[in-house]
Amino acid sequence: WSYLGCRSGIKRKSESCTKNNTRAKIKKEVRLVMDINKLKILFTEEQIQNRIKELADEMNNFYGNDEVYAICVLKGAVMFAVDLVKHLNMPLKMEFITLSSYNGGTSTSGKVNAVDISLPDLNGKNVLIIEDIVDTGLTAKFLLDFLNCNFHTKSTKFCSLLDKKITRTADVDADYYGFEVDDKFLIGYGLDYDGYYRNLRYIGYVDKDDL
Ligand code: IMP
Ligand code: MG
């Protein structure tokens, strides 16, 4: 009972202290909820899942029964990685790292922030990096350089659900990608706007003026 009492005490205190903050937050949330009505669907759940099965077939053919370390780049790639690995048949281990290059907005900061990049020994292993989208390519380049500097892998493959080839500045290419996309700010199926919308089962876009 003391735990509950303590929690509600804190809540009451913080509520009274941050009334203005809360009001601003609610206003922001209302704006975000309204924006979802302006979302234009680019890839439906069915299209995404069908393409994932095709990618998995290619990977099953390539790796055969060889062990794979699948590295999911959080947070954006979480949905894609989870759905993709369900169709992979080889012995597989999943690893998770967290990188960020957007600061909550709709364009990259130009710097890759390695929030958590702890990995096991990948020497002699088949490494499959799983990303949500390659945009400028800075994140992909950073990660590939990092792996190159630290490990002698058996193979390193980069897989991204989406590929914005048109905005590429770094010299990198995905070995596997689901769909090529235009220079639009995409949300859903792991991709976020200010942390929201990752939970959508489809991928859509909002015109930048509507954000
Ligand atoms: P890059 O380093 O510019 O290639 O950007 C890579 C990261 O930026 C991705 O892993 C995403 O997390 C994020 N990103 C790029 N484009 C979009 C988008 O259209 N919507 C949401 N996130 C994006
Ligand atoms: Mg990402």
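Residues numbered from 1 in each chain as written. Chains lettered and ligands numbered in written order. Predicted model: local features only at pLDDT ≥ 70, side-chain atom pairs only at ≥ 80, totals over all residues. Heavy atoms only, no water.

**Looking at the overall build of the protein**
For the protein, the count of helices and strands is five helices and nine strands. Listed by position from the N terminus, the elements making up the protein come as α-α-β-α-β-α-β-β-β-α-β-β-β-β. The proportion of buried residues among the 211 residues of the protein is 40%. When contacts within the protein are restricted to residue pairs at least 6 apart in sequence, long-range pairs at least 24 apart make up 70% of them. Counting every atom, the protein has about 12,100 Å² of accessible surface; 50% of that belongs to carbon and sulfur. (Helix = DSSP H or I, 4+ residues; strand = E, 2+ residues; numbered from the N terminus. Buried < 20%, exposed > 50% of the residue type's maximum accessible area, 1.4 Å probe, protein only. Contact = heavy atoms within 4.5 Å. Areas by Shrake-Rupley, 256 points an atom, 1.4 Å probe, with all protein chains shown as cover.)

**Describing the coordination of the magnesium ion (ligand 2)**
Within the protein, Glu131 (OE) and Asp132 (OD) serve as the donor atoms for the magnesium ion (ligand 2), at 2.4 to 2.5 Å. The two residues Glu131 and Asp132 agree in class, both being buried. (Donors = N, O, S within 2.8 Å, 3.2 Å for Na, K, Ca; no water.)

**Side note on the confidence of the model for the protein**
Per-chain confidence: the protein averages 85 in pLDDT, with 78% of residues scoring 70 or above. Across residues 1-17, where pLDDT falls below 50, the model places zero contacts with residues more than four positions away in sequence or in other chains. (pLDDT = per-residue confidence, 0-100.)

**Describing the pattern of salt bridges**
In this structure the tally under the stated criterion is eleven salt bridges. Note that Asp66 and Lys154 form a salt bridge whose closest N and O atoms lie 2.7 Å from each other. Residue Asp66 is found in the loop between helix 3 (45-63) and strand 2 (68-74), and its partner Lys154 is found in the loop between helix 5 (138-150) and strand 6 (155-163); the two are separated by 88 residues along the sequence. A residue is classified by how much of its surface remains accessible, and Asp66, at 30% relative accessible area, is partly exposed. By relative accessible area, Lys154 is classed as exposed at 52%. In this structure, the salt-bridge partner of Lys165 is Asp163, at a minimum N-O distance of 3.2 Å. Several salt bridges share partner residues, and in doing so they unite Asp163, Lys165, Arg168 and Asp173 into one network. (Salt bridge = Lys/Arg side-chain N within 4 Å of Asp/Glu carboxyl O.)

**Some remarks on the site of ligand 1**
Near ligand 1, the surroundings consist of 17 residues, among which Asp132, Thr136, Gly137, Thr139 and Leu186 are the closest. Glu131 has a polar side-chain atom sitting 3.0 Å from an oxygen atom of ligand 1. Side-chain polar atom of Asp132 to an oxygen atom of ligand 1: 2.8 Å apart, as the coordinates give it. For ligand 1, the accessible surface in isolation is 490 Å², of which the surrounding protein chains cover 93%. For the shell around ligand 1, the secondary-structure elements that each account for two or more residues are strand 3 (92-102), strand 5 (126-134) and helix 5. Sort the elements by how many residues they give to the shell around ligand 1 and strand 5 lands first, with four residues. Across the shell around ligand 1, the residue classes tally to seven nonpolar, four polar and six charged. (Near = heavy atom within 4 Å. Polar contact = N/O pair within 3.5 Å; in protein donor to acceptor, adjacent residues only side chain to side chain. Nonpolar A, V, L, I, M, F, W, Y, C, P; charged D, E, K, R; others polar.)

**Re the nonpolar core**
Counting 31 residues, the largest nonpolar core has Phe80, Leu84, Leu128, Leu162 and Ile203 as its most contacted members. Secondary structure elements with two or more residues in this core: helix 3, strand 2, helix 4 (78-85), strand 5, strand 6, strand 7 (176-180) and strand 9 (203-205). Broken down by element, the residue count for this core peaks at six residues, all from helix 3. The contacts of Leu128, once residues within four sequence positions are left out, are Met59, Tyr63, Val68, Tyr69, Ala70, Ile71, Leu88, Lys157, Cys159 and Tyr176. (Core = buried A, V, L, I, M, F, W, Y, C linked by side-chain atoms within 4.5 Å.)

**Observations concerning the packing of helix 3 against helix 4**
The contact between helix 3 and helix 4 brings their axes to 9 Å, and the two run at 55°. If you check the angle between helix 3 and helix 4, you find them oblique. Crossing angle aside, the handedness with which helix 3 passes helix 4 is right-handed. Residues Gln49, Ile52, Leu55, Ala56 and Met59 of helix 3 touch helix 4, and the partners they reach there are Phe80, Asp83 and Leu84. Partitioned by chemical class, the residues of the contact of helix 3 with helix 4 number six nonpolar, one polar and one charged. (Axes fitted to C-alpha atoms, helices over the stretch in contact; angles between N-to-C directions. Parallel < 35°, antiparallel > 145°, perpendicular 65-115°, else oblique. Left-handed = near helix turned anticlockwise from the far one by under 90°.)

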